[in-house]
Amino acid sequence: MIKFFLMVNKQGQTRLSKYYEHLEIKKRTLLESEVIKSCLSRSNEQCSFVEYKDFKLIYRQYAALFIVVGVNDTENEMAIYEFIHNFVEVLDEYFSRVSELDIMFNLDKVHIILDEMVLNGCIVETNRARILAPLLILDKTSES
């Protein structure tokens, strides 16, 4: 099960955070800073799976952005690794080559995409067309 989902830039600034288990704000801030430190300090040659406290961190770097997913011990690391890539492909398809600015200025849409893919910490959808369908309908209604 997914415990949290983070998008962070190389400077360590969180661009998106989504938690699937309740955690106090102070603990979230501390957790994010520790997780970001542990992932950003690793080299490109090192594995993208990190044991951290009572869960695993799976991360991928895309240009200046890191996507970090915290999962419990029973989750398949490769499935989450592919999920991260699928998420970025969906963002690329919607934004036509997604950038950090797209995420910052369209945070609501990024949350909608993530919510279409993950429900209560479980991956429920991976099909790009079905993930983007609600957003495309929202775009059409806002244009009218």
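The name recorded for the protein in an unreviewed UniProt entry is AP complex subunit sigma, from Trichechus manatus latirostris. Recorded under Sequence similarities (unreviewed entry), the UniProt text for the protein is reproduced unchanged: "Belongs to the adaptor complexes small subunit family." As stated in UniProt under Subunit (unreviewed entry), the record for the protein gives "Adaptor protein complex 4 (AP-4) is a heterotetramer composed of two large adaptins (epsilon-type subunit AP4E1 and beta-type subunit AP4B1), a medium adaptin (mu-type subunit AP4M1) and a small adaptin (sigma-type AP4S1)."

Attention shifts here to the nonpolar core. Residues Ile2, Phe5, Met7, Phe83, Phe87, Ile113 and Leu114 are the most contacted members of the largest nonpolar core, which totals 29 residues. In terms of residue count, helix α2 (residues 77-95) provides more of this core than any other element does, 10 residues in total. Among all residues touching Phe5, those that are not within four sequence positions of it are Leu16, Ser17, Lys18, Tyr20, Ile67, Val68, Val69, Phe83, Phe87 and Leu114. Tyr19, Ile36, Phe55 and Val68 belong to the second largest nonpolar core, which has 15 residues in total.

Bringing the packing of aromatic side chains into the picture now. As enumerated under the stated definition, the model contains 8 aromatic pairs in all. Aromatic pair Phe4 and Phe55: ring centres 5.4 Å apart, planes at 85 degrees, arrangement edge-to-face. Of the two residues, Phe4 is situated in strand β1 (residues 2-9) and Phe55 in strand β4 (residues 55-62); the sequence distance between them amounts to 51 residues. Across the pair, Phe55 and Phe4 agree in class, each one buried. For the ring pair Phe5 and Phe87, a centre distance of 5.0 Å and an interplane angle of 75 degrees mean the geometry is edge-to-face.

What follows deals with unusual backbone geometry. Although it is not a glycine, Ala63 adopts a positive phi angle of roughly 55 degrees. Within the secondary structure, Ala63 is located in the loop between β4 and β5 (65-71). Not every positive phi belongs to a glycine, and Asn120 is a case in point at roughly 55 degrees. Topologically, Asn120 is positioned in the loop between β6 (118-119) and β7 (122-123).

The subject of this paragraph is the UniProt feature "domain: AP complex mu/sigma subunit" (unreviewed entry) in the protein. In the numbering used here, UniProt assigns the "domain: AP complex mu/sigma subunit" (unreviewed entry) feature to residues 1-140. Helix makes up 46% of residues 1-140 and strand makes up 26%, while its end C-alpha atoms are separated by 34 Å.

Turning our attention to the pairing of strand β3 (residues 49-52). Of the two faces of β3, only the one carrying Val50 and Tyr52 is buried; Phe49 and Glu51 on the other face are not. Relative to β4, β3 runs antiparallel, the two being bridged by 4 bridges. Within β4, the position partnered with Tyr52 by the bridge is Phe55. What sits between β3 and β4 in their antiparallel hairpin is a turn of 2 residues, with Lys53 showing a positive phi close to 50 degrees.

Cut-off values and rules
Within each chain, residue numbers correspond to sequence positions counted from 1 in written order. Only residues with pLDDT of at least 70 are given local features in this predicted model, and only at 80 or more are side-chain atom pairs given and counted; all residues enter the totals for whole chains, interfaces and linings. Only hydrogens and water are removed before side-chain values are computed, so all heavy atoms of the structure are retained for them. UniProt positions are given in the numbering used here, feature names are shortened, and annotations may be inferred rather than shown by experiment. By nonpolar core is meant a set of buried Ala, Val, Leu, Ile, Met, Phe, Trp, Tyr and Cys residues that side-chain atoms within 4.5 Å join together. Only protein chains enter the accessibility calculation, which uses a 1.4 Å probe; a residue whose area is less than 20% of its type maximum is buried, one above 50% is exposed, and one in between is partly exposed. Only DSSP runs of H or I reaching four residues or more are called helices, and only runs of E reaching two or more are called strands; each is numbered from the N terminus. We call two residues in contact when some of their heavy atoms are within 4.5 Å. For Phe, Tyr and Trp, where Trp contributes only its six-membered ring, two rings pair if their centres lie within 6.5 Å, and the inter-plane angle classes them as stacked under 30 degrees, edge-to-face over 60, or tilted in between. Strands pair, by our definition, only if DSSP identifies at least two bridges between them.

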